[in-house]
Amino acid sequence: MEIKVLGPGCTNCYKMEELAKKAATELGIDATVEKVSDIQEIMKYTMSTPGLVVNGKLKHSGKPLPDTEKVKELIKAEI
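Cut-off values and rules
- Residues numbered from 1 in each chain as written.
- Predicted model: local features only at pLDDT ≥ 70, side-chain atom pairs only at ≥ 80, totals over all residues.
- Heavy atoms only, no water.
- Core = buried A, V, L, I, M, F, W, Y, C linked by side-chain atoms within 4.5 Å.
- Buried < 20%, exposed > 50% of the residue type's maximum accessible area, 1.4 Å probe, protein only.
- Helix = DSSP H or I, 4+ residues; strand = E, 2+ residues; numbered from the N terminus.
- Contact = heavy atoms within 4.5 Å.
- Patch = residues over 30% accessible without salt bridge, like charges linked within 9 Å, V, L, I, M, F, W, Y side chains within 5 Å.
- Areas by Shrake-Rupley, 256 points an atom, 1.4 Å probe, with all protein chains shown as cover.
- Salt bridge = Lys/Arg side-chain N within 4 Å of Asp/Glu carboxyl O.
- Phe/Tyr/Trp six-rings, centres within 6.5 Å; stacked < 30°, edge-to-face > 60°.
- Lys NZ or Arg CZ within 6 Å of the ring centre and 35° of its normal.
- Axes fitted to C-alpha atoms, helices over the stretch in contact; angles between N-to-C directions.
- Parallel < 35°, antiparallel > 145°, perpendicular 65-115°, else oblique.
- Left-handed = near helix turned anticlockwise from the far one by under 90°.
- Pairing = 2+ DSSP bridges.

*Asks:* Teacher, can you tell me more about the nonpolar core here?
*Replies:* Inside soluble globular proteins, nonpolar side chains tend to come together where they are buried. Membership of the largest hydrophobic core comes to 13 residues, with the highest contact counts inside it found for Ile 3, Val 5, Ala 20, Val 33, Leu 52, Val 71 and Ile 75. Contributions of two or more residues to this core are made by β1 (2-6), α1 (11-27), β3 (51-54) and α3 (68-76). Residue contributions to this core peak at 5 residues, all from α1. With near-sequence residues (within four places) excluded, Val 71 lies in contact with Leu 19, Ala 20, Ala 23, Leu 52 and Pro 66.

*Asks:* How do you make sense of a nonpolar patch on the surface when you look at a structure like this?
*Replies:* A cluster of nonpolar side chains, contributed by Ile 39, Met 43 and Met 47, occupies part of the molecular surface with about 340 Å² of accessible area. Summarising the element assignment, Met 43 is placed in the loop between α2 (39-42) and β3. Residue Met 43 is classed as partly exposed on the basis of its relative accessible area, which comes to 45%.

*Asks:* Any chance you could explain the packing of aromatic side chains here in plain terms?
*Replies:* Two numbers describe a pair of aromatic rings. These are the distance of the centres and the angle of the planes. This model, assessed by the stated rule, comprises 0 aromatic pairs. The ring of Tyr 14 carries the charged tip of Lys 35 above its face, separated from the ring centre by 5.6 Å.

*Asks:* Help me understand the packing of α1 against α3, please; the structure alone is not making it clear to me.
*Replies:* In helix packing, the relevant descriptors are the interaxial angle and the interaxial distance, both defined with respect to the helix axes. Orientation of α1 relative to α3, taken along the N-to-C sense of each, is 65°, at an axis distance of 9 Å. Here α1 is positioned roughly perpendicular relative to α3, judged by the angle of their axes. Where α1 crosses over α3, the two elements pack in a sense that is right-handed. Contact residues: Leu 19, Ala 20, Lys 22, Ala 23, Ala 24, Glu 26 and Leu 27 in α1; Thr 68, Glu 69, Val 71, Lys 72, Ile 75 and Lys 76 in α3.

*Asks:* Please explain unusual backbone geometry as it appears in this structure.
*Replies:* If a residue is not glycine, its phi is most likely negative; likewise, a peptide bond is most likely trans. In this chain, Thr 49 is followed by Pro 50 through a cis amide linkage whose omega measures 0°. Locating Pro 50 in the fold gives a position in the loop between α2 and β3. A cis geometry characterises the amide bond from Lys 63 onward to Pro 64, with omega recorded as 0°. With respect to the element layout, Pro 64 can be found in the loop between β4 (57-61) and α3.

*Asks:* What should I look at first to understand the sheet that holds strand β2 (residues 32-36) in this one?
*Replies:* Two strands in a sheet stick together by hydrogen bonds in their backbones, pointing the same way (parallel) or opposite ways (antiparallel). Across the sheet, 4 strands lie side by side as β2-β1-β3-β4; this open sheet has mixed pairing. At either end of the open sheet lies a strand with only one pairing partner, and these are β2 and β4. The sheet shows a mean angle of 20° between the axes of neighbouring strands, direction not considered. In the sheet, β1 pairs with β2 via 5 bridges, with the strands oriented parallel. Across the sheet, residue Glu 2 finds its bridge partner in β2, namely Thr 32.

Laid out in structure tokens, this is it:
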């Protein structure tokens, strides 16, 4: 599974990355979590950051940030 966290490097973007890693670990899935900070790449998915992309599908963008349980739901929907 491929998970991308979209964001230029703000606090919320790093928090989203931590949430994605924690959720994947708790679900026990083999996932690659990639931090994407290139604006051109981010704009392919959304204009609002932080963003969460799972297997090429935008699952969340902007604020407020979801909690760990919500991130787990978003990831499980793509298993």
